[in-house]
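# Survey of secondary and tertiary structure
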Amino acid sequence: MMMVRRGLLAWISRVVVLLVLLCCAISVLYMLACTPKGDDEQLALPRANSPTGKEGYQAILQEWEEQHRNYVSSLKRQIAQLKEELQERSEQLRNGQYQASDAAGLGPDRSPPEKTQADLLAFLHSQVDKAEVHAGVKLATEYAAVPFDSFTLQKVYQLETGLTRHPEEKPVRKDKRDELVEAIESALETLNNPAENSPNHRPYTASDFIEGIYRTERDKGTLYELTFKGDHKHEFKRLVLFRPFGPIIKVKKEKLNMANTLINVIVPLAKRVDKFWQFMQNFREMCIEQDGRVHLTVVYFGKEEINEVKGILENTSKAANFRNFTFIQLNGEFSRGKGLDVGARFWKGSNVLLFFCDVDIYFTSEFLNTCRLNTQPGKKVFYPVLFSQYNPGIIYGHHDAVPPLEQQLSKRLGSAWMPSPQPCRLAPR
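Only a predicted model underlies this, so the values are computations on that prediction, with no experimental measurement involved.

The rules behind each value
- Residues numbered from 1 in each chain as written.
- Predicted model: local features only at pLDDT ≥ 70, side-chain atom pairs only at ≥ 80, totals over all residues.
- Heavy atoms only, no water.
- Helix = DSSP H or I, 4+ residues; strand = E, 2+ residues; numbered from the N terminus.
- Buried < 20%, exposed > 50% of the residue type's maximum accessible area, 1.4 Å probe, protein only.
- Contact = heavy atoms within 4.5 Å.
- Areas by Shrake-Rupley, 256 points an atom, 1.4 Å probe, with all protein chains shown as cover.
- Core = buried A, V, L, I, M, F, W, Y, C linked by side-chain atoms within 4.5 Å.
- Pairing = 2+ DSSP bridges.
- Axes fitted to C-alpha atoms, helices over the stretch in contact; angles between N-to-C directions.
- Polar contact = N/O pair within 3.5 Å; in protein donor to acceptor, adjacent residues only side chain to side chain.
- pLDDT = per-residue confidence, 0-100.
- Disulfide = S-S within 2.5 Å.
- Salt bridge = Lys/Arg side-chain N within 4 Å of Asp/Glu carboxyl O.
- Phe/Tyr/Trp six-rings, centres within 6.5 Å; stacked < 30°, edge-to-face > 60°.
- Lys NZ or Arg CZ within 6 Å of the ring centre and 35° of its normal.

## Side note on the overall build of the protein
Summing up its helical and strand segments, the protein has 11 helices and 13 strands in all. Expressed as a percentage of its 429 residues, the buried residues of the protein come to 31%. Sequence-distant contacts, at least 24 apart, represent 64% of the contacts inside the protein between residues at least 6 apart. A total accessible area of about 28,500 Å² is found for the protein, and carbon and sulfur atoms account for 56% of it.

Next comes the structure, spelled out in structure tokens:
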């Protein structure tokens with residue numbers, strides 16, 4: 001048995017050796033058969049050191065140059081033919097337009113350039129008349145209203161992305177940034193136009209720009225309302241521009257005087273004495289000391305903690321010499337809508353701007369001017385959008401530590417009132 005195994009192993013080893021040798025032989029034969037013959041190929045081209053090598057290369061280069069010339073000449077002929085065909089097609093199209101105009105009884109338009117420019121201006125102004133610029137339009141629902149975005153020289157307050165991003169952003173898109181800059185520059189050109197101003201008027205610059213609002217109606221164009229500082233305190237200049245998918249045109253220029261525009265701040269309240277105390281601290285600083293053209297109406301529900309609220313009002317009145325406030329006490333459960341309605345109807349004076357406010361809202365004196373500038377009696381109301389989301393990662397993301405309470409309120413609520421004001425024109429009944 002052992003002899004058989006040894007014989008079998010010897011036979012297998014011989015077969016393996018023969019197979020290896022056979023593969024090596026086949027590989028050598030394949031390499032010899034497939035290797036290109038260098039000498040034969042080199043004979044096909046003249047050698048550089050041969051007597052005829054230089055003349056051979058010159059002949060090849062001349063042949064290539066001749067082929068290149070022929071190719072360029074062919075391309076030039078094709079271009080000339082295409083130009084001729086294009087000119088013939090243009091003449092045919094022009095003749096067809098003339099024939100169509102003659103058939104309609106219009107004839108070709110041979111009006112002078114002045115008339116053509118006047119027709120263009122008339123078309124642009126017709127786009128302004130179609131848009132919601134001069135008057136409001138009736139809408140089926142409030143969802144059909146096109147909102148405004150507001151902007152300053154540094155920031156844009158937009159609604160497009162909702163709460164997915166911070167509402168206060170820089171115009172990182174170059175097209176949007178260039179669009180807003182062009183609108184401001186057009187307004188400055190109008191303000192500094194010598195034909196529309198007295199010889200001694202001061203020049204306006206970009207630093208005089210306060211804020212602007214804009215919105216785009218997809219089938220008409222973009223409306224801009226830009227506000228600049230006036231020549232005196234409480235005076236402003238507003239320019240209304242419209243871009244009807246073409247050059248910007250001026251719609252209106254007006255001077256606004258807000259010295260006598262009183263704001264009646266109506267605050268419905270029930271308990272919440274601590275919040276009311278913080279509100280009155282802000283109200284005293286912004287409305288009494290800085291602005292001075294504000295009336296406060298507090299509508300209080302119930303009798304619990306009413307003495308504490310009255311005490312806060314009286315202390316503020318004595319400390320700031322402030323008498324322009326009204327305190328209304330109502331029975332029953334708290335109702336914000338009822339409180340605002342009662343506070344608005346309680347006013348018996350002349351025409352006043354109503355500011356419906358909550359006790360936990362922090363605002364600035366600049367916001368009060370924004371309210372005045374974006375409202376008009378019987379024509380336009382102002383809906384500032386309040387972003388209620390509070391995310392420390394968004395609000396304080398660039399701070400190492402959480403700032404004090406005053407800065408928290410200023411960052412969280414002071415700027416929250418500012419983004420995306422929504423002036424809404426009232427449609428005629």
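## Brief notes about the nonpolar core
V265, F276, F279, F283, L296 and F363 are the most contacted members of the largest nonpolar core, which has 30 residues in total. Going through the elements one at a time, β8 (263-269), α6 (273-291), β9 (294-301), α7 (306-320), β11 (353-356) and α9 (365-373) are the ones with two or more residues in this core. Ranked by the residues each element gives to this core, the list is headed by α6, at 7 residues. The residues contacting V265, other than those within four sequence positions of it, are F279, F283, V294, H295, L296, T297, F355 and C357. Formed by 17 residues, the second largest nonpolar core is a distinct cluster that contains L191, Y224, F228 and L239.

## Some thoughts on the sheet that holds β8
Taken together, the 4 strands give an open sheet; going across it, the order is β10-β9-β8-β11, and neighbouring strands pair in parallel fashion. Only two strands of the sheet have a single partner each, and these edge strands are β10 (325-330) and β11. Taken pair by pair, the neighbouring strands of this sheet meet at an average axis angle of 20 degrees, ignoring direction. Pairing analysis gives 6 bridges linking β9 to β10, with the strands arranged parallel. Directly across from V298, in β10, lies its bridge partner F327. Sitting on the sheet, α6 is in contact with β8 and β9, with an inclination near 165 degrees to β9. Here helix α8 (residues 336-346) sits on the sheet and contacts β8, β9, β10 and β11; the angle it forms with β8, its principal contact strand, is near 145 degrees.

## Some words on the side chain of T364
Structurally, T364 is set in the loop between β11 and α9. Residue class for T364 comes out buried when judged on its relative accessible area of 19%. For T364, the side chain forms a polar contact with the side chain of E366, separated by 3.4 Å.

## Topic: the confidence of the model for the protein
Mean pLDDT over the protein stands at 79; residues scoring 70 or higher make up 73%. Mean pLDDT across the elements of the protein bottoms out in helix α2 (residues 38-44) (43) and peaks in β9 (97). Below a pLDDT of 50 lies the segment residues 409-421, which in the model reaches 48 contacts outside its immediate sequence neighbourhood of four places, other chains included.

## Some points on the state of the cysteines
A complete count under the given rule lists 0 disulfides for this structure. Unpaired in this structure, C287 has its nearest cysteine sulfur neighbour in C357, at a distance of 8.4 Å. Unpaired in terms of disulfides, C371 finds its nearest cysteine sulfur in C357, a separation of 9.4 Å.

## Remarks on α9
Given 3.6 residues to a turn, an α-helix orients residues that are three or four positions apart in the same direction. Counting buried positions along α9 yields 7 of 9 residues, so the element is predominantly enclosed. Those residues of α9 lying buried are S365, F367, L368, T370, C371, R372 and L373.

## Some thoughts on the side chain of R243
One can find R243 in strand β6 (residues 235-243). You can call R243 buried: its relative accessible area is 16%. At 3.2 Å, the side chain of R243 forms a polar contact with the side chain of Y224. Filtering out sequence-adjacent residues up to four positions away, R243 remains in contact with E179, E182, K220, G221, T222, Y224 and I248.

## Notes on the pattern of salt bridges
Tallied over the entire structure, the rule returns 18 salt bridges. For R69, the salt bridge goes to E66, with nearest N and O atoms at 3.5 Å. One end of the pair is R69 and the other is E66, both in helix α3 (residues 53-104) and 3 residues apart, which spans about a single turn. Using a relative accessible area of 43% as the deciding quantity, one classes R69 as partly exposed. Between K220 and D219 there is a salt bridge, with its nearest N and O atoms 3.1 Å apart. A cluster of three or more residues bridged by salt bridges with shared partners is formed by E65, E66 and R69.

## Here we look at the sheet that holds strand β7 (residues 249-257)
The 7 strands are arranged β3-β2-β1-β4-β5-β6-β7 in an open sheet whose pairing can be described as antiparallel. Where the open sheet ends on each side, the last strands, each with one partner, are β3 (168-169) and β7. The pairing of strand β2 (residues 156-157) with β3 spans 2 bridges and is classified as antiparallel. From the neighbouring strand, V156 faces β3, where its bridge partner is E169. The strands touched by helix α5 (residues 174-191) are β1 (149-151), β2, β4 (209-217), β5 (221-229), β6 and β7; relative to β5, the strand with the most contacts, the crossing angle is about 55 degrees.

## With respect to the packing of aromatic side chains
Any aromatic ring pair is given by two values, namely how distant the centres are and how the planes are angled relative to each other. For the structure on display, the rule yields 15 aromatic pairs. Arranged with centres 5.3 Å apart and planes meeting at 75 degrees, the rings of F301 and F334 form a pair that is edge-to-face. A residue pair is termed long-range when its members are at least 10 positions apart, and F301 in strand β9 and F334 in the loop between β10 and α8 qualify at 33 residues. With a relative accessible area of 44%, F334 lands in the partly exposed category. Among the aromatic residues, those joined into a ring-pair cluster are F276, F279, F283, F322, F325, F355, F363, F367 and F382. For the cation-ring pair, R202 lies above Y204, with the distance from its terminal atom to the ring centre recorded as 4.3 Å.

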